[in-house]
Amino acid sequence: MPQLNHTALFSIFALLLTTSLLYASLGQAHPMSAWKWMDIVGEGGTAAMAALWALLIVSSRPGGRVTMLLAGGLVTIMLGAWADCLDEFFAIPSTQYWDNWLEALMPVGMLIVTIGLYYWRQEQVVLNEHMQKRERLFRDHRSFDRITQLADASYLYRQIRMQQENHLGDEGMLVLLDLDNFHQVNREYGQREGDRLLQAVSHLLLLNLRPQDLVCRYAGDRFAILLPDMEEIQARWTAAHLQQAIATLAHHTRDGKHRINLSARTACARADEDPEQLLAKMNARLEAPSQAAMHATPAVS
Amino acid sequence: MTSTIQRYYLTTTPFIPARHQAALLLEYALSRDMTAQNLLRGTKLSEQHILAPSTLVSPSDYLQLLSNLQSGLAAADTSFMLGQQLLPGHYGNLSHAMLQAGNLRQALNILVAYQSWLSPLLAPHLVEHSGHAVLYWTDSCVTPRLRGFIVEMMMAAVGGMSRWLSETKLPWRYRFNRTRPAHIEQYAVHLGPDLHFNDHLDAMSLPLEWLERPWPRGSEIAMSAALAGIEMEYGSSLLAGLYDYLHEHIRTGPTLEKASAAFGVSPATFKRHLALHGTHFQAELDQVRIHVTLQLIQEHGYSNDQIAAYLGFHDVNNFRRSLKRWTGLTPSMLRLQTQGFQ
């Protein structure tokens, strides 16, 4: 839930109230019979919506130039629309011009919002670079895991299906990677340490992949990596490289007293069948006794 | 027959020390950036209450906390993550005893015997048949909406506990009385690859020899010593107690009157207590009959005639009709379904 920004809310109310008082004191009230309801609803509604959008922007974005421009532009639009609306209730003598200036704020506000959107686009290009390898082609914020900031299994399934539809015969490779004895880390150091370790591993994976690759947190301590435009032999090499990177990672607990040694096992397959069946097969391969470190030494030193 | 009257707890009975499961839920919520206030919504508990050693919570409080966690975090792994921490848990001597269990059988026996503390919402039952040990779960205090969540949690608890204490990944096979979930990947990673849905039972099973394999930390003396110090007020929940009673007396035509007498309460009170759990006597009886039917088919390969006679039906058509009413299946369809799990 976005936190409501009380200062912004207060300022908007103050602006609306001041404008209303200005009209009430300097203007002549129209009789109720002369009110044009359609205009009142239309202009008042525009003002209310613009105010709401400004509040949403302020409460959901960190401060800065883009936020200022977007919110400021919307507040200006709100003022223009509100002046238009008050015009329906009060007649301002035609010798005064300030009310026309107030109403002219509407296009000015639109211009400010447009400038804000232009900078927002630039900002987005920078952010997209940051999100590279965490998402491909489309965004769905509901699919992101809160611990690792990686996409989840349902996002992976959709990516595989898209890849299959758009690139016939070139589906790419899928690597499934599972940490050995991760459950012991949760047991011995607590689940918060486990979370930290998952974050470290996801960073490590992101650093060791190409820009066009996609890393997802499949579930728990199991990661799925989609490698487009790749041959099987390269994918196996990539998987082995990731295993090696994890084996040499020196991860320390938060108190700095213990180093956790890690190892991982992987399964590798061409992403050319139904994603859920594919993942079920790869899961089974990861769990096969020959591969599983059944009696591996504890991941503790 | 009524020699062992056991006191049962209700969903509203406050008897679970808050520092057991509730404290764990609090810690988990905070680690996932959920405020204590949001976790405790709908209960009369405060953060201080939960951490105080004398506070007792009821199963319905526990349910409310789980419900708040489930909707507040909206993550598919919540039940599994909680489950992994539930056993052996931090329940004093009881956890010590489980930690020292010499093998899987001893650990599961502790779980069943001390279920009111270790698993107050879902009752575990351990049976053996056709070379397999089967741990299946029936309701103690659950709501229909949270049932799936709690089943995931308790299966992850037993799976995780046995994996940790045995230092081996045990070949558990999981069966669920539910349709295939959308978050199947959580099942695959946290439980294992051997998953089956649309079953009549929530059960986990493995070959019998795993029950007796010695565990590296096992110490029978330490386990017995830890168990000796434990005194529990309640053996099991109303529904679990009734389940066991009906299972034992299924051949003698159990009735509400006989059952309530066995538990030392009036039929009216017993009826009211059942209603509090959203059920009634006939529904519980039908459930036990289904389970017995399944066991007779799987374990002994009984024919319809034999099962009908065992359950006290006058003729086999009567049994066939009743089974259809309980499960929506004819005996032959049921046989076909259960064949896959041998």
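Residues numbered from 1 in each chain as written. Chains lettered and ligands numbered in written order. Predicted model: local features only at pLDDT ≥ 70, side-chain atom pairs only at ≥ 80, totals over all residues.

Quick look at the overall build of chain A
Part 1 of the reasoning: Along the backbone of chain A there are 10 helices and eight strands.
Part 2 of the reasoning: On C-alpha atoms alone, chain A measures out to a radius of gyration of 29 Å, which is more than a quarter above the 19 Å that the 2.2 N^0.38 rule sets for 301 residues.
Part 3 of the reasoning: With the C-alpha coordinates of chain A rotated into their principal frame, the extents come out at 90 × 50 × 30 Å.
Part 4 of the reasoning: Across the 301 residues in chain A, those meeting the buried criterion constitute 34%.
Part 5 of the reasoning: In chain A, 73% of the contacts between residues at least 6 apart in sequence involve partners at least 24 apart. (Helix = DSSP H or I, 4+ residues; strand = E, 2+ residues; numbered from the N terminus. Rg over C-alpha atoms; globule rule 2.2 N^0.38 Å. Buried ≥ 20, exposed ≤ 12 C-beta atoms within 10 Å, placed from the backbone. Contact = placed C-beta atoms within 7 Å.)

Examining the sheet that holds strand β4 (residues 214–219) of chain A
Residue and element names in this part refer to chain A.
Part 1 of the reasoning: Ordered by their spatial adjacency, four strands build an open sheet running β4-β5-β3-β8, and the pairing between neighbours is antiparallel. On the outer flanks of this sheet lie β4 and β8 (264–270), each paired with one strand and no other. When strand polarity is set aside, the average angle formed by the axes of neighbouring strands in this sheet is 20 degrees.
Part 2 of the reasoning: Pairing between strand β3 (residues 173–179) and strand β5 (residues 222–227): six bridges, direction antiparallel. Along β5, the bridge assignment pairs Leu-177 with Phe-223. (Pairing = 2+ DSSP bridges. Axes fitted to C-alpha atoms, helices over the stretch in contact; angles between N-to-C directions.)

Some thoughts on helix α4 (residues 59–73) of chain B
For the α-helix, the turn length of 3.6 residues means that residues three or four positions removed from each other point alike.
All names here are of chain B.
Part 1 of the reasoning: Taking 1.5 Å of rise per residue, the 15 residues of α4 would be expected to cover 21 Å, and the 21 Å separating its terminal C-alpha atoms lies within 8% of that figure.
Part 2 of the reasoning: Listed in full, the buried residues belonging to α4 are Pro-59, Asp-61, Tyr-62, Leu-63, Gln-64, Leu-65, Leu-66 and Leu-69.
Part 3 of the reasoning: The first or second residue beyond α4 is Ala-74, which carries a positive phi of 45 degrees. (Expected span 1.5 Å × (residues − 1).)

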